[in-house]
Amino acid sequence: SLPLLVADEVSKSFGVTPALRGASLQVYPGEVLALTGPSGSGKSTLLHCLSGILAPDEGRITYDGRDLGAMGDRERSALRRGAFGFVFQFGQLVPELTCLENVALPLRLAGVRRRAAERAAGELLARLEVTDVAGKRPGQASGGQGQRVAVARALITTPRVIFADEPTGALDSRNGDQVIRLLVAAARERGSAVVLVTHEERIAACADRIVAFHDGAPATTAATR
Ligand code: ADP
Ligand code: ADP
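Okay, so let's go over this structure. Keep in mind that what you see is a predicted model, and the values were worked out from it rather than measured.

Turning to unusual backbone geometry, a few remarks are in order. At Glu 129, a position not held by glycine, the phi torsion is positive, near 60 degrees. A positive phi angle is found at Thr 158, which is not glycine, with a value near 50 degrees. Tracing the backbone shows Thr 158 in the loop between helix 5 (143–155) and strand 7 (161–165).

Next comes the structure, spelled out in structure tokens:
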């Protein structure tokens, strides 16, 4: 099949610091791809370029054959809200809302009525085994529960690509394993691709393919199965 997302010879510097040096990568529909490698090797920067948050200095990102750099800001943000989902190291949930309302929020912003949005959010929280915290604020949930709520929020719109930057970085290994397993299973059910940045080998092993970064570009690629 055709790649959904392509980075073609992407370079990016911050001042005099080169973060990416001619990085190329392809993401296929439905695959789970782990980006690994030492700190500072450019993993997060490529994730930000792929997701349209950061513009490359050189090279090109295409989504579904469309050049992100040739889109207007409005078209690019519509893509980020619609086709992409995001999970970060610290969930970044809205502290004033309940966990259920947090998960329903992307649907509410897309114009779905409260009742339907909250029903879908409740089903996803059950699927991720965190029904217990539905009515609680994120501050009352444990780290592992909060991160599952963040995963549910990223999945609720059925994005075609989920970007996860060290999603288990703030969790102990037991919770980290569980969150990653649930993320991968839920994304597979929905047919979403997952692009996962992690420095943990154990977490990367949950992916279909591992791309190891070195000095601002992918150095090696390995299939895990
Ligand atoms: P990784 O995710 O592999 O740890 P990053 O992509 O975060 O690597 O960083 C690559 C390089 O770019 C590092 O030298 C880092 O310090 C630098 N860098 C990343 N983001 C910024 C930024 N916003 N401002 C300045 N330098 C940055
Ligand atoms: P120009 O050189 O005409 O200003 P740019 O290529 O810099 O055009 O793009 C205009 C806007 O789009 C800028 O705000 C830039 O940050 C953003 N942009 C360009 N390419 C990308 C990209 N691949 N991903 C995200 N934003 C991008």
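Below, the discussion takes up the nonpolar core. In this structure, Leu 125, Leu 128, Val 149 and Leu 155 are the most contacted members of the largest nonpolar core, which totals 41 residues. Elements supplying a minimum of two residues to this core: strand 3 (32–36), helix 3 (99–109), helix 4 (114–127), helix 5, strand 7, helix 6 (173–190), strand 8 (193–197) and helix 7 (201–204). Per-element tally for this core: the top contributor is helix 6, with seven residues. Setting aside anything within four residues of it in sequence, one finds Leu 155 in contact with Leu 124, Leu 128, Ile 162, Ala 186, Ala 187 and Arg 190.

The next point concerns the site of ligand 2. Close contacts around ligand 2 come from Gly 52, Leu 54, Ala 55, Pro 56, Leu 68, Gly 69, Asp 73 and Arg 76, and that covers them all. Take Leu 54: an N or O atom from its main chain is 3.4 Å from a nitrogen atom of ligand 2. A distance of 2.8 Å separates an oxygen atom of ligand 2 from a polar atom in the side chain of Arg 76.

Looking now at the pattern of salt bridges. If you walk through the whole model with that rule in mind, you get 10 salt bridges. Notably, a salt bridge pairs Arg 209 with Glu 31, separated by 2.9 Å at the nearest N-O pair. Of this pair, Arg 209 sits in strand 9 (residues 209–214) while Glu 31 sits in the loop between strand 2 (17–27) and strand 3, and the two are 178 residues apart along the sequence. Grouping residues by exposure puts Arg 209 and Glu 31 together as buried. Put simply, Asp 64 and Arg 160 hold a salt bridge, and the shortest N to O gap is 3.1 Å. Here Asp 64 is found in the loop between strand 4 (58–63) and strand 5 (66–67), whereas its partner Arg 160 is found in the loop between helix 5 and strand 7, with 96 residues between them in sequence. What emerges from the salt-bridge pattern is a single network uniting Asp 177, Glu 200 and Arg 202.

Moving on: the sheet that holds strand 5. Taking strand neighbours across the sheet as the criterion, the four strands line up as 2-1-4-5 in an open arrangement whose pairing is antiparallel. This sheet does not close on itself; its edge strands, each paired only once, are strand 2 and strand 5. Both strand 4 and strand 5 contribute to a ladder of two bridges, which runs antiparallel. Residue Tyr 63 lies in a different strand from strand 5, and its bridge partner there is Arg 66. Packing against the sheet, helix 1 (residues 43–50) makes contact with strand 1 (5–14), strand 2 and strand 4, and its axis sits at approximately 60 degrees to strand 2.

Turning next to the sheet that holds strand 3. Taking strand neighbours across the sheet as the criterion, the six strands line up as 6-7-8-3-9-10 in an open arrangement whose pairing is mixed. Strand pairing shows two members of the sheet lacking a second neighbour, strand 6 (84–87) and strand 10 (217–223), which therefore form its edges. This sheet shows a mean twist of 20 degrees between the axes of neighbouring strands, independent of strand direction. Of the strand pairs in this sheet, strand 7 and strand 8 are connected by five bridges, and their pairing is parallel. Its bridge partner lying in strand 8, Asp 165 is registered against Val 197. Taken strand by strand, helix 1 contacts strand 3, strand 6, strand 7, strand 8 and strand 9, and its axis lies near 150 degrees from that of strand 7.

Once that is clear, we can look at the site of ligand 1. Near ligand 1 the following residues occur: Phe 14, Thr 17, Ala 19, Pro 38, Ser 39, Gly 40, Ser 41, Gly 42, Lys 43, Ser 44 and Thr 45. Contacts to ligand 1 include Gly 40, whose backbone N or O atom sits 2.7 Å from an oxygen atom. Between ligand 1 and Thr 45 there is a distance of 2.6 Å, counted from an oxygen atom to a side-chain nitrogen or oxygen. With the chains in place, 58% of the 560 Å² that ligand 1 exposes on its own is no longer accessible. Here the shell around ligand 1 gets three residues from one element, more than from any other, and that element is helix 1. Here the shell around ligand 1 is composed, by residue class, of three nonpolar, seven polar and one charged.

Analysis parameters
- Residues numbered from 1 in each chain as written.
- Chains lettered and ligands numbered in written order.
- Predicted model: local features only at pLDDT ≥ 70, side-chain atom pairs only at ≥ 80, totals over all residues.
- Heavy atoms only, no water.
- Helix = DSSP H or I, 4+ residues; strand = E, 2+ residues; numbered from the N terminus.
- Core = buried A, V, L, I, M, F, W, Y, C linked by side-chain atoms within 4.5 Å.
- Buried < 20%, exposed > 50% of the residue type's maximum accessible area, 1.4 Å probe, protein only.
- Contact = heavy atoms within 4.5 Å.
- Near = heavy atom within 4 Å.
- Polar contact = N/O pair within 3.5 Å; in protein donor to acceptor, adjacent residues only side chain to side chain.
- Salt bridge = Lys/Arg side-chain N within 4 Å of Asp/Glu carboxyl O.
- Pairing = 2+ DSSP bridges.
- Axes fitted to C-alpha atoms, helices over the stretch in contact; angles between N-to-C directions.
- Areas by Shrake-Rupley, 256 points an atom, 1.4 Å probe, with all protein chains shown as cover.
- Nonpolar A, V, L, I, M, F, W, Y, C, P; charged D, E, K, R; others polar.

Geometry only, nothing functional implied.
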